[in-house]
Amino acid sequence: MNTPTVLVTAATGTVGSALVPALRSRGVTVRAMTRDPGRVFPGAETVVADLREPESLVAALKGVDAAFLNSPSALDAAALQIRFADLARDAGVHRLVLLSQYEARADSPVRFLRWHAEVEAHVEKLGLDHTVLRPNLYLQALLAFAGPIAQGWFAAPVGDAAVSAIDTRDIADAAAAVLTGTGHSGRTYTLTGPRAVTHHEIAAALAGATGRDVTFHDTPADQFAAALTGLLPPWQLDGLVEDYAHYARGEAAEVHTSVTDLTGQPARDVTDFARDHATAFAAAANAS
Ligand SMILES: NC(=O)c1ccc[n+]([C@@H]2O[C@H](COP(=O)([O-])OP(=O)(O)OC[C@H]3O[C@@H](n4cnc5c(N)ncnc54)[C@H](OP(=O)(O)O)[C@@H]3O)[C@@H](O)[C@H]2O)c1
């Protein structure tokens, strides 16, 4: 019997790069999607396709049993994901697993959460076996702050609010379980870390793992935005500020057991993340 083929979009991305080996270890045929023809995924097929080029997606989806849908943050992310979901249905894909976000809601003040809610609502109507994963803030997002962390600090407009941030390796393991298991059709899983942590506690974990002083500074939203002006497009910067306001209101602190329920393993703690990425933070220190 042929093993099922699973297509992983954004396979070089934060979650996708951990999902490809997680699926491989479960014995399925993995088709890893990238726009880069030079990329090789050990043990997996590579397919070159672009969410903005539907013909490339039709080819990528041929013969696929299940697909993991994730796109990078983009102004047209909802439209791109909706088109991909339609093409997946047309291609006869049996199962679609959608990467959404914690608290996705049509009436959210956070634009990214509204966009995710729009895609979720569309996928629900397609009649496919589908599952929605709603992860909270990625711990791996801290790697974007590796430069300042190497200097001993990082800053964000989040105050003392706790966030049940998650290690993206756990999102990948949960996605692999859903893509290859049964009983998940029509379900929505909120994915979090094992506890809610403040950014001061994150700083302490990074300090403990790297052996360097790391301090977190709460910063007003306008100063945070000013520091990033020119580095991100305005819509993305505004969305990021909305994300942090949502965290600062304490709206992202619930802890869910979905990672353990799906994978049989406890979700990784911030101290695990910090230990496993200490070298990356140290490399940033050596480069600065
Ligand atoms: N960051 C967080 O804390 C967080 C929390 C919850 C949910 N999320 C959600 O996660 C998603 C984004 O995650 P991320 O920023 O970490 O990105 P990511 O998953 O790392 O995605 C980046 C990847 O997307 C691929 N890509 C870029 N443009 C593409 C295109 N036109 N067609 C096909 N593939 C394309 C790139 O692969 P190639 O260059 O190889 O093609 C790249 O590796 C968003 O939906 C966001 O809302 C994020």
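Nothing here was measured: the structure is a model prediction, and the numbers come from that model.

**As for the pattern of salt bridges**
Scanning all chains against the criterion turns up 16 salt bridges. Between Asp107 and Arg105 there is a salt bridge, with its nearest N and O atoms 2.7 Å apart. Asp276 is paired through a salt bridge with Arg275; the nearest N and O atoms lie 3.0 Å apart.

**Points about empty space enclosed by the protein**
Under the definition given, this model contains three cavities of 30 Å³ or more. Considering only enclosed or pocket space, the largest cavity measures out at about 70 Å³ in volume. Taken together, Leu137, Tyr138, Leu139, Ala141, Leu142, Phe145, Phe154, Ala156, His199 and Tyr244 make up the lining of the largest cavity. Looking at the second largest cavity, its volume works out to about 50 Å³. Split into classes, the residues belonging to the lining of the second largest cavity amount to five nonpolar, no polar and three charged.

**A word on the nonpolar core**
Inside soluble globular proteins, nonpolar side chains tend to come together where they are buried. Counting 33 residues, the largest nonpolar core has Leu19, Leu23, Phe68 and Leu191 as the members making the most contacts within it. Of all the secondary structure elements, the ones that give two or more residues to this core are β1 (5-8), α1 (16-24), β2 (29-34), β4 (66-69), β5 (95-99), α6 (168-180), β8 (188-191) and α10 (258-263). A per-element tally of this core places α6 first, with eight residues. Setting aside residues no more than four positions away along its own chain, Leu191 makes contact with Leu133, Arg134, Pro135, Asn136, Ile166, Ile171, Ala174, Ser258, Val259 and Leu262. Within the second largest apolar cluster, 31 residues are counted, among which are Met33, Leu69, Phe84 and Val132.

Reading the values: rules and limits
Residues numbered from 1 in each chain as written. Predicted model: local features only at pLDDT ≥ 70, side-chain atom pairs only at ≥ 80, totals over all residues. Heavy atoms only, no water. Salt bridge = Lys/Arg side-chain N within 4 Å of Asp/Glu carboxyl O. 1 Å grid on protein atoms, 1.4 Å probe; cavity = no way out; pocket = protein on both sides within 12 Å on 5 of 7 lines; lining within 4 Å. Points joined across faces, edges and corners; volume = space filled by probe spheres on them. Nonpolar A, V, L, I, M, F, W, Y, C, P; charged D, E, K, R; others polar. Core = buried A, V, L, I, M, F, W, Y, C linked by side-chain atoms within 4.5 Å. Buried < 20%, exposed > 50% of the residue type's maximum accessible area, 1.4 Å probe, protein only. Helix = DSSP H or I, 4+ residues; strand = E, 2+ residues; numbered from the N terminus. Contact = heavy atoms within 4.5 Å.

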